[in-house]
Amino acid sequence: MKRLEGKTIVIAGGGTGIGAATAIRLATEGARVVVGDLSAERAERVAERIRAMGGEAIGRAFDMVDEPTIAALIQSAVDSFGGLDGIHINAADLVAHRHDTDALDLDMAIFDRVIAVNLRGHLLCTRHALPRLLARGGGAIVYTSSAAAFIGEPKRVSYAMSKAGGHALMRHVASRWGKENIRANTVAPGMVPTEANSNAPAERFERALRGTRSPRLGMPEDIAAMVAMLMSADGEWINGQVLSVDGGATIR
Ligand SMILES: NC(=O)c1ccc[n+]([C@@H]2O[C@H](COP(=O)([O-])OP(=O)(O)OC[C@H]3O[C@@H](n4cnc5c(N)ncnc54)[C@H](O)[C@@H]3O)[C@@H](O)[C@H]2O)c1
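Remember, predicted model here, so these are calculated numbers, not experimental data.

Student: What am I meant to see in unusual backbone geometry here?
Tutor: The bulk of non-glycine residues show a negative phi, and the bulk of peptide bonds are trans. Despite not being glycine, arginine 156 shows a phi value in the positive range, around 55°. Along the chain, arginine 156 turns up in the loop between α5 (148-151) and α6 (157-177). One non-glycine residue, asparagine 181, lies in the positive phi region at around 70°. Inspection of the secondary structure assignment puts asparagine 181 in the loop between α6 and β6 (182-189).

Laid out in structure tokens, this is it:
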């Protein structure tokens, strides 16, 4: 299905895992894709894979905490493909995240870093993408969150706060610009094996599988399929939502 023919979409955090799978899925559906990542090499590798499949893509380095690089990432979509129709704001700092403990123990430098990337960075991407989307008469923003935002966990307090704050950002954008044809939605993945958790003990995956209603764990492609739908006209009447793609791990 080619639901994204003629669209230009930026993936902010598309070098590996969910973002890389999304870049490939969107390109398969006809989108021209700008793959942004902290690592220029990883971004270019994904873009090269898309080009080898016959799609259109470029890879660009950017950093969620460095505003000029975010502006340049968005500008590269305009320069290379003439405008912007959608952005998947996906990156999270999953390194600092490993030291993200509880409210008493937490090193505040870890908190500041997680908030800077996962929340402030998502706001900056939104600010730079919105004028470009409005210039096209509208567009779609999809944020990546996590069930951690709403299930309540005894650890990862910064991560949960950053993701819950992201929901507020998404709802604000949908409410403020919805009438101007901007759709903002959030995908909340369940546990999906990616580079980010490749060192996790097998027990963690087994526990995650026991916690789902589905017979298997998720794959990055499961999340990518939801992002593609939200970016497409099939998602035209979906706005301001947090959509869990987690095999039924959380039922709300
Ligand atoms: N994998 C899971 O089980 C899972 C579950 C719930 C939510 N998520 C969320 O999904 C998203 C993607 O996670 P993933 O598992 O694919 O991880 P991943 O590590 O494979 O991908 C994250 C990407 O973001 C990039 N990135 C990190 N910091 C950045 C920065 N400062 N600037 C620009 N790019 C940066 C990394 O280089 C990497 O390519 C994250 O928001 C994560 O919180 C993942």
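Student: Can you help me understand the packing of helix α4 (residues 108-135) against α6 in this one?
Tutor: Two measures define how a pair of helices packs: the angle their axes make with one another and the distance between the axes. Running from N to C, α4 and α6 cross one another at 15°; their axes reach a closest spacing of 9 Å. With respect to α6, the axis of α4 lies roughly parallel. Of the two elements, α4 crosses α6, and the hand of that crossing is right-handed. For the pair α4 and α6, the contacting residues are Ile110, Phe111, Val114, Ile115, Asn118, Leu119, His122, Leu123, Thr126 and Leu130 in the first and Ser158, Tyr159, Ser162, Lys163, Gly165, Gly166, Leu169, Val173 and Trp177 in the second. Among the residues making up the contact of α4 with α6, the classes are represented as 11 nonpolar, seven polar and one charged.

Student: Any chance you could explain the sheet that holds strand β3 (residues 57-61) here in plain terms?
Tutor: Hydrogen bonding along the main chain pairs the strands of a sheet, whether they run parallel or antiparallel. Taken in spatial order, the seven strands line up as β3-β2-β1-β4-β5-β6-β7 in an open sheet, and their pairing is parallel. Two strands in the sheet have a free side with no partner beyond their single neighbour: β3 and β7 (242-245). With direction set aside, neighbouring strand axes in the sheet form an average angle of 20°. As judged from the four bridges shared by strand β4 (residues 86-89) and strand β5 (residues 139-144), these two strands associate in the parallel manner. Bridge pairing in β5 links histidine 88 to valine 142.

Student: What am I meant to see in α6 here?
Tutor: An α-helical segment advances 3.6 residues per turn. Residues three or four places apart therefore align on the same side. A rise of 1.5 Å per residue sets the reference length of α6, with its 21 residues, at 30 Å; its end C-alpha atoms lie 30 Å apart and thus fit the reference within 8%. Within α6, the full set of buried residues consists of Val157, Ser158, Tyr159, Ala160, Ser162, Lys163, Gly166, Met170, Val173 and Trp177. Where the residues of α6 are buried, they touch α4, β5, α5 and β6.

Student: Where do I start with the site of the ligand in this structure?
Tutor: Of all residues adjacent to the ligand, which total 29 residues, the nearest are Gly13, Gly15, Gly17, Ala92 and Ala196. A total of three residues in the shell around the ligand trace back to one element, the largest contributor, which is helix α1 (residues 17-28). Of the residues belonging to the shell around the ligand, the class tally is 13 nonpolar, 11 polar and five charged.

Student: How do you make sense of the pairing of β5 when you look at a structure like this?
Tutor: Two faces, one strand: in a regular strand the side chains alternate between the faces of the sheet. For β5, the tally of buried residues reaches six of six residues, placing the bulk of the element in the interior. Neither face of β5 is exposed, since Gly139, Ile141 and Tyr143 on one face and Ala140, Val142 and Thr144 on the opposite face are all buried. Handedness of the β4-α4-β5 crossover: right-handed. Examined bridge by bridge, β5 and β6 share six bridges and lie parallel to one another. Each bridged residue has a counterpart across the sheet, and for isoleucine 141 the counterpart in β6 is alanine 184.

Conventions and cut-offs
- Residues numbered from 1 in each chain as written.
- Predicted model: local features only at pLDDT ≥ 70, side-chain atom pairs only at ≥ 80, totals over all residues.
- Helix = DSSP H or I, 4+ residues; strand = E, 2+ residues; numbered from the N terminus.
- Axes fitted to C-alpha atoms, helices over the stretch in contact; angles between N-to-C directions.
- Parallel < 35°, antiparallel > 145°, perpendicular 65-115°, else oblique.
- Left-handed = near helix turned anticlockwise from the far one by under 90°.
- Contact = placed C-beta atoms within 7 Å.
- Nonpolar A, V, L, I, M, F, W, Y, C, P; charged D, E, K, R; others polar.
- Pairing = 2+ DSSP bridges.
- Expected span 1.5 Å × (residues − 1).
- Buried ≥ 20, exposed ≤ 12 C-beta atoms within 10 Å, placed from the backbone.
- Near = placed C-beta within 6 Å.
- Right-handed = clockwise from strand over helix to strand, strands pointing away.

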